[in-house]
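# Chain and residue survey
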Amino acid sequence: MSTLLIKNAQCVATFDDVNPAKGRELLQASVFVRDNLIESIGPAADLPQTADEVIDARGHLVMPGLINTHHHMCQSLTRAIPAVQNAELFSWLHGLYPIWSGLTPEMIRVSTQVAMAELLMSGCTTSSDHLYIYPNRVRLDDSIEAARQIGMRFTASRGSMSVGQSQGGLPPDSVVEAEDFILKDTQRLIETYHDMSFGAMVHVAVAPCSPFSVSRDLMRESAKLARHYGVRLHTHLAENDHDLAYSKEKFNCTPTQYAQDLGWLGHDVWHAHCVKLDDEGISLFASTRTGVAHCPCSNMRLASGIAPIRKMINAGVPVGLGVDGCASNDAGHLVNEARQAMLLARVGRALQPPSTDASGRTFFGCDLGPSEMTARDALSVATRGGAEVLGRKDIGHLAPGMCADLALFDLRTLAFAGGAVHDPVGSLLLCASPQAAYTVVNGCVVVREGQLATVELVPLIERHNQLAKQLAGASL
């Protein structure tokens, strides 16, 4: 049995159940880990003073590892492609589908590790990935192997596209798959990799891509398959105005009505984006405990809009955070994503029309009130919210018996100067977004003193850049 002591932290922010608003925030505290579980948290003097490994956390903030609920990791190969830098969602996809048709198994493995390295170095310990394009013998197994090597807790979502342009879908026919094969391969992946045990490192989710790339039959059959095996369901929904128009034209309903009709609402479902979720949709999501992966940077990058996240949370919708694809965000820094979620919620509030209360007083959107998104609210979405969206009861906050997934940030660095002395937790989002000093996954130190500890980063980046040029060049 191995032990790990994170000793003398300036602040340990637990996000636990003791204080429903924000969890406990303990000053001059330590965390003691045995094997892959937290054994105790408390004042440094009350905990063991030695362990197999000791991290001197003086001057550091310790918090739960962040959780990323939506990503397309292979897109790290197509960041900043000039032709789509200013495109909205549908034209962006039209520009990139031909490039992605050249993906190979090696490209998937390398791009997944690059994307995960970026996440881990920002304090993210668990990530989902929505891989929905499988050319040239690419398999989801390639992503799962990459995650095992780099040491990230992983929800591998078996995405799919089955309706090509000839059938009224958005993707080219060359990148869609037969629906019978999709379902059989999804079943194979669940039976091979999905681990239902406490502290599992790999989950598999069933994830047809979107209303504009799969059939209604595939959506229904995917839901049946997932519920037979007790795994989660994931797709894109209500991402932008074109998405709404497509649902209206093809299905004569809203995206939420489409999801409800196909059995895609429930505590075992989470949808990405939901920028255009209306009041009826929010109410249905709340009553069924259907989750949302909020992707603020991507929503801004593709001009999709501002998701009504504060309204969703107030209504009781489970909300997690997602960086989304590397080519629609061009970054995978989850602390920065949480900062953007906080800021964008405030902008969204300021854009609301003035309102008048019963006494005749006029309130403007910029009159931020207690229901506004705070730094701790956004961090809770990035931790506890993400755990709920992914169906995990073993991660998302720090408490004895929970998995030892932690992120440590050095508050003595330039980014925190003048901020951490006032509020070590709030400054994580109110100051410049930092890299993690340490990231611990399942009790193992994966990032140490700001450096990735599991995979050699320099040769990984070199190979990734070679493959990125090869992929883009093949499409010209």
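For the structure itself, consult the block above.
These notes cover the structure that comes with them. (Residues numbered from 1 in each chain as written. Predicted model: local features only at pLDDT ≥ 70, side-chain atom pairs only at ≥ 80, totals over all residues. Heavy atoms only, no water.)

The next subject is the packing of helix 2 (residues 105–120) against helix 3 (residues 140–150). The axes of two packed helices give the description: the angle between them and the distance between them. Where helix 2 meets helix 3, the axes come as close as 8 Å, and the angle between the chain directions of the two elements is 40°. As far as their axial angle goes, helix 3 and helix 2 are oblique. For helix 2 against helix 3, the interelement crossing comes out right-handed. Within the contact between the two elements, helix 2 uses P105, I108, R109, T112, Q113, M116, A117 and L120 and helix 3 uses D142, S143, A146, A147, Q149 and I150. Of the residues assigned to the contact of helix 2 with helix 3, the class counts are eight nonpolar, four polar and two charged. (Axes fitted to C-alpha atoms, helices over the stretch in contact; angles between N-to-C directions. Helix = DSSP H or I, 4+ residues; strand = E, 2+ residues; numbered from the N terminus. Parallel < 35°, antiparallel > 145°, perpendicular 65-115°, else oblique. Left-handed = near helix turned anticlockwise from the far one by under 90°. Contact = heavy atoms within 4.5 Å. Nonpolar A, V, L, I, M, F, W, Y, C, P; charged D, E, K, R; others polar.)

So, about the pattern of salt bridges. When charged atoms on two side chains of opposite charge get close, those side chains can pair. Enumeration over the complete set of coordinates arrives at 28 salt bridges. Salt-bridge contacts for R310 lead to D377; the nearest nitrogen and oxygen are separated by 3.1 Å. Taken together, the positions of R310 in helix 10 (residues 309–315) and D377 in helix 13 (residues 375–389) put the pair 67 residues apart, joining distant regions of the chain. Among the ionic pairs, D423 bridges to R376, the shortest N-O distance being 2.8 Å. Here the residue D423 occupies a position in the loop between strand 16 (406–410) and helix 14 (427–430), and R376 occupies one in helix 13, the gap between them amounting to 47 residues. For D423, a relative accessible area of 23% translates into the label partly exposed. Sharing partners across several salt bridges, the network here consists of R139, D141, R158, E177, D185 and R188. (Salt bridge = Lys/Arg side-chain N within 4 Å of Asp/Glu carboxyl O. Buried < 20%, exposed > 50% of the residue type's maximum accessible area, 1.4 Å probe, protein only.)

Bringing the pairing of strand 7 (residues 124–131) into the picture now. Side-chain positions along a regular strand alternate between the two faces of the sheet. The buried count for strand 7 comes to eight of eight residues, which makes it a mostly enclosed element. Pairing geometry for strand 6 (residues 66–68) and strand 7, over three bridges, is parallel. Paired with I67 across the strands is T126, a residue of strand 7. Where strand 7 and strand 8 (residues 153–160) come together, six bridges link them in parallel fashion. Within strand 8, the position partnered with S127 by the bridge is F154. Between the parallel pair strand 7 and strand 8, the chain is carried across by helix 3, and the sense of this crossover is right-handed. (Pairing = 2+ DSSP bridges. Right-handed = clockwise from strand over helix to strand, strands pointing away.)

What follows is about the environment of A293. Among the secondary structure elements, A293 is positioned in strand 12 (residues 291–294). Separated by 36 residues in the primary sequence, A293 and Q257 have C-alpha atoms spaced 19 Å apart.

A word on the environment of G102. As for its position among the elements, G102 is in the loop between helix 1 (89–100) and helix 2. Taking the C-alpha atoms as reference points, G102 and G473, separated by 371 residues in sequence, lie 9.7 Å from one another. With near-sequence residues (within four places) excluded, G102 lies in contact with M107, N136 and L471.

Moving on to the environment of C295. Mapped onto the elements of the fold, C295 is located in the loop between strand 12 and helix 9 (296–301). Separated by 21 residues in the primary sequence, C295 and C274 place their C-alpha atoms 9.3 Å from one another. Not counting chain neighbours up to four residues away, the residues in contact with C295 comprise H70, H273, G322, D324 and E337.

A few words on unusual backbone geometry. In this model, A238 sits at a positive phi of 50°, which is unusual for a non-glycine residue. Even without glycine at this site, C274 takes up a positive phi of about 55°. For C274, the position within the fold is in the loop between strand 11 (269–273) and helix 8 (279–288).

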